[in-house]
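# Observations on chain architecture
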Amino acid sequence: MNDIITDYDDLNLAEAKEIQNKLREKINLEPFTKPIQTIAGADISLNRFSEIIFAGIVILRYSDLQPIAYSLVESKTSFPYVPGFLAFREVPALVQALEQIPVKPDVLMIDGHGIAHPRRMGIAAHFGALTGTVTMGCAKNILFGKWQEPGIQKGDYRPIMNKEEVIGYALRSKFKTNPVFISPGNRMSLSDSLDIAIRCAGNYRLPEPTRRAHEFVNLFRTGKLKEGYHELTPQLLF
DNA sequence: GCGACAG
DNA sequence: ATCTTGTCGC
């Protein structure tokens, strides 16, 4: 009676679009008020031409952005990658990864877009609507909307526009590198997503939650980390 | 009709 | 997403 439905493998795109339209009603873009203690990065990794996907969520302490725990799940998908429908391929495994975390993170930063999507239902919005969690998207490339190049300084940004509406931001997360594309997914506002992304910008292009998730999930795929939920001991911090 | 197109 | 060497710029 509370199970999250993520049986997506046999859907066609028309059915997938219906699900997106239905799920969109659950999205809440009001400001997030409570103080943030932990933020998680979520990402997946796979071998080319393989249906096996390696999903991971890494939880970081918000104060210093150090990883404190991670959850890894190996799963299988037959849903292909189709621009605009990424969630149907990656979300089921990420939901599994979330389910095995005993204490959920306050916010999740997901690799991909939030509402900066043709139907406002990028993977971060989809995941947030499905799980009821606080989510935002951080993508390396634009999918939908018009944007202008931000200034070259770290922290410079410009809005992603659809007609007259702001749907996200192109953010210079590191000096003189390509921007990342930020948008809210669920239970936070546009400016919340921008503030959090800026706060999470470290010494690399990818904000720390996303960067760490990518790192851990690749270590998992290449056999250096094991499936399951694990906590990092303070002295063994990566 | 044509081009664009998260991971 | 992943496969990969060199190379250009700071």
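Residues numbered from 1 in each chain as written. Chains lettered and ligands numbered in written order. Predicted model: local features only at pLDDT ≥ 70, side-chain atom pairs only at ≥ 80, totals over all residues. Heavy atoms only, no water.

Identification of chain A as Endonuclease V from Dyadobacter frigoris is taken from an unreviewed UniProt entry. Its UniProt record, at the heading Cofactor (unreviewed entry), says of chain A: "Mg(2+)". (UniProt positions renumbered as here; feature names shortened; annotations may be inferred.)

### A short note on the protein's contact with DNA strand C
The environment of DNA strand C is made up of S45, L46, R48, K140, K176, H214, N218 and R221. Considering DNA strand C, the proportion of its atoms within 4 Å of the protein that are sugar or phosphate atoms stands at 79%. Take S45: an N or O atom from its side chain is 2.8 Å from a phosphate oxygen of DNA strand C. Broken down by secondary-structure element, the contributors of at least two residues to the surface near DNA strand C are β1 (38–46) and α5 (208–221). (Near = heavy atom within 4 Å. Polar contact = N/O pair within 3.5 Å; in protein donor to acceptor, adjacent residues only side chain to side chain. Helix = DSSP H or I, 4+ residues; strand = E, 2+ residues; numbered from the N terminus.)

### Structural notes on the protein's contact with DNA strand B
As a matter of local geometry, DNA strand B sits amid 18 residues, with Y81, G84, I123, K140 and N141 nearest to it. Counting only the atoms of DNA strand B that lie within 4 Å of the protein, the sugar and phosphate share comes to 45%. In this structure, Y81 approaches DNA strand B through a side-chain N or O atom, which is 2.5 Å from a phosphate oxygen. Between DNA strand B and F85, the relevant distance is 3.2 Å, taken from a base nitrogen to a main-chain nitrogen or oxygen of the residue. Split into classes, the residues belonging to the surface near DNA strand B amount to 8 nonpolar, 6 polar and 4 charged. (Nonpolar A, V, L, I, M, F, W, Y, C, P; charged D, E, K, R; others polar.)

### Focus on the UniProt feature "binding site: Mg(2+)" (unreviewed entry) in chain A
Sequence positions flagged by UniProt for "binding site: Mg(2+)" (unreviewed entry) are, in local numbering, D43 and D111. With the annotated positions falling across 69 residues, the maximum pairwise C-alpha distance of 5.5 Å places them together in a single cluster. None of the other annotated residues line the largest pocket; only D43 and D111 do. Among the secondary structure elements, D43 is positioned in strand β1. Beyond its immediate chain neighbours, meaning those up to four positions away, D43 contacts F54, A55, G56, L94, D111, A213, H214 and V217. For D111, the position within the fold is in strand β4 (residues 107–111). The class for D111 is buried, based on a relative accessible area of 12%. (1 Å grid on protein atoms, 1.4 Å probe; cavity = no way out; pocket = protein on both sides within 12 Å on 5 of 7 lines; lining within 4 Å. Contact = heavy atoms within 4.5 Å. Buried < 20%, exposed > 50% of the residue type's maximum accessible area, 1.4 Å probe, protein only.)

### Notes on the sheet that holds strand β2 (residues 52–61)
Across the sheet, 9 strands lie side by side as β6-β7-β8-β5-β4-β1-β2-β3-β9; this open sheet has mixed pairing. The outermost strands of the open sheet, each flanked by one partner alone, are β6 (157–162) and β9 (228–231). Averaged over all pairs of adjacent strands, the angle between their axes in this sheet comes to 25 degrees, without regard to strand direction. Of the strand pairs in this sheet, β6 and strand β7 (residues 165–171) are connected by 6 bridges, and their pairing is antiparallel. Residue pairing across strands places R158 opposite A170, the latter belonging to β7. In this fold helix α2 (residues 87–99) packs onto β1, β2, β3 (67–76) and β4, with an angle of close to 50 degrees to the strand it touches most, β2. Here helix α4 (residues 190–199) sits on the sheet in contact with β1, β4, β5 (135–139), β6, β7 and β8 (180–186), set at roughly 5 degrees to β7. (Pairing = 2+ DSSP bridges. Axes fitted to C-alpha atoms, helices over the stretch in contact; angles between N-to-C directions.)

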